[in-house]
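Here is what each chain is made of, one letter per residue.
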Amino acid sequence: MLDGIVMPALYTSGMMTEPNFAIAGYSLFSLFNRIELLCAGLVLTSILGLRYGRHPWNRPGWMTVLLSLLLLAIALVDTYGFTPQMSALGLQLNWFVESNQPPASMNQLHLSYWLFDGLKIAATGLLLWLYNRKLHPVTMMG
């Protein structure tokens with residue numbers, strides 16, 4: 001949610017044209033991506049603990065393990081793939097040429113980042129739905 005709010009706000013306010021935007025953006029998103037990594041690791045550990053610490057009839061399904069691995073993989077790609085690459089594109093290495101526009105490939109990386117975030121939100125919703133369904137099964141009354 002933060003990625004969908006902060007980046008558009010920074011873009012519309014003109015912050016992306018500032019020379020120190022890449023450093024500020026990397027610092028901000030690096031911190032939040034590492035928090036996401038911590039949360040994804042916690043989710044995976046919890047799912048594995050619930051899966052293998054219970055009786056086989058009362059375990060979360062294998063799909064919950066796959067979804068929690070997907071959440072961890074997305075957090076890893078965001079942290080060590082997209083964020084450093086976007087920061088590198090945003091750095092102004094030639095001090096003699098002033099550039100007020102972000103590179104065109106930056107928009108493509110932002111779109112990919114947001115698509116991954118959308119996938120992360122969908123996987124989290126599906127994971128919560130699967131676990132809630134297992135926790136509170138619908139009983140047939142007849």
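The structure presented is a predicted model; accordingly, all values stated were derived computationally and were not measured.

Asks: What am I meant to see in a nonpolar patch on the surface here?
Replies: Taken together, the side chains of W62, M63, L66, L69, L126 and W129 make up a nonpolar region of the molecular surface, amounting to roughly 620 Å² of accessible area. Secondary structure elements with two or more residues in the nonpolar patch: α3 (62-90) and α4 (104-135). For the nonpolar patch, the element with the most residues is α3, which contributes 4 residues. Tracing the chain through its elements places L69 in helix α3.

Asks: Honestly, the pattern of salt bridges in this entry has me stumped. Any pointers?
Replies: Opposite charge on two side chains permits them to pair, given that their charged atoms come into close proximity. A complete count under the given rule lists 3 salt bridges for this structure. One salt bridge connects E36 with K120, and the closest N-O pair in it is separated by 2.6 Å. Of this pair, E36 sits in helix α2 (residues 21-52) while K120 sits in helix α4; the two residues are 84 residues apart in sequence, bridging distant segments of the chain. With relative accessibility at 22%, the residue E36 sits in the partly exposed group. Judged by relative accessible area, which is 13%, K120 ranks as buried. Among the ionic pairs, K120 bridges to D117, the shortest N-O distance being 3.0 Å. Taken together, the residues K120 and D117, both in helix α4 and 3 residues apart, mark about one turn of the helix. Given the relative accessible area of 8%, D117 is considered buried.

Asks: What should I look at first to understand the packing of aromatic side chains in this one?
Replies: For any pair of aromatic rings, the description consists of the separation of the ring centres together with the inter-plane angle of the planes. One pass over the structure, following the stated rule, counts 2 aromatic pairs. For the ring pair F82 and Y113, a centre distance of 6.0 Å and an interplane angle of 70 degrees mean the geometry is edge-to-face. Highlighted residues: F82 in helix α3 and Y113 in helix α4, separated in sequence by 31 residues. For the residue pair F82 and Y113, the accessibility class agrees, reading buried in each case.

Asks: Can you help me understand the nonpolar core in this one?
Replies: As a rule of thumb, nonpolar side chains are buried together in soluble globular proteins. I47, V65, L67, L71, A123, L127 and L130 form the largest nonpolar core, which has 7 residues in total. At the level of elements, α3 and α4 are the ones that each hand at least two residues to this core. When neighbours within four sequence positions are excluded, I47 is seen to be in contact with T64, V65, S68 and L127. Residues F29, F82, M86 and L109 belong to the second largest nonpolar core, which totals 6 residues.

The rules behind these values
- Residues numbered from 1 in each chain as written.
- Predicted model: local features only at pLDDT ≥ 70, side-chain atom pairs only at ≥ 80, totals over all residues.
- Heavy atoms only, no water.
- Patch = residues over 30% accessible without salt bridge, like charges linked within 9 Å, V, L, I, M, F, W, Y side chains within 5 Å.
- Areas by Shrake-Rupley, 256 points an atom, 1.4 Å probe, with all protein chains shown as cover.
- Salt bridge = Lys/Arg side-chain N within 4 Å of Asp/Glu carboxyl O.
- Helix = DSSP H or I, 4+ residues; strand = E, 2+ residues; numbered from the N terminus.
- Buried < 20%, exposed > 50% of the residue type's maximum accessible area, 1.4 Å probe, protein only.
- Phe/Tyr/Trp six-rings, centres within 6.5 Å; stacked < 30°, edge-to-face > 60°.
- Core = buried A, V, L, I, M, F, W, Y, C linked by side-chain atoms within 4.5 Å.
- Contact = heavy atoms within 4.5 Å.

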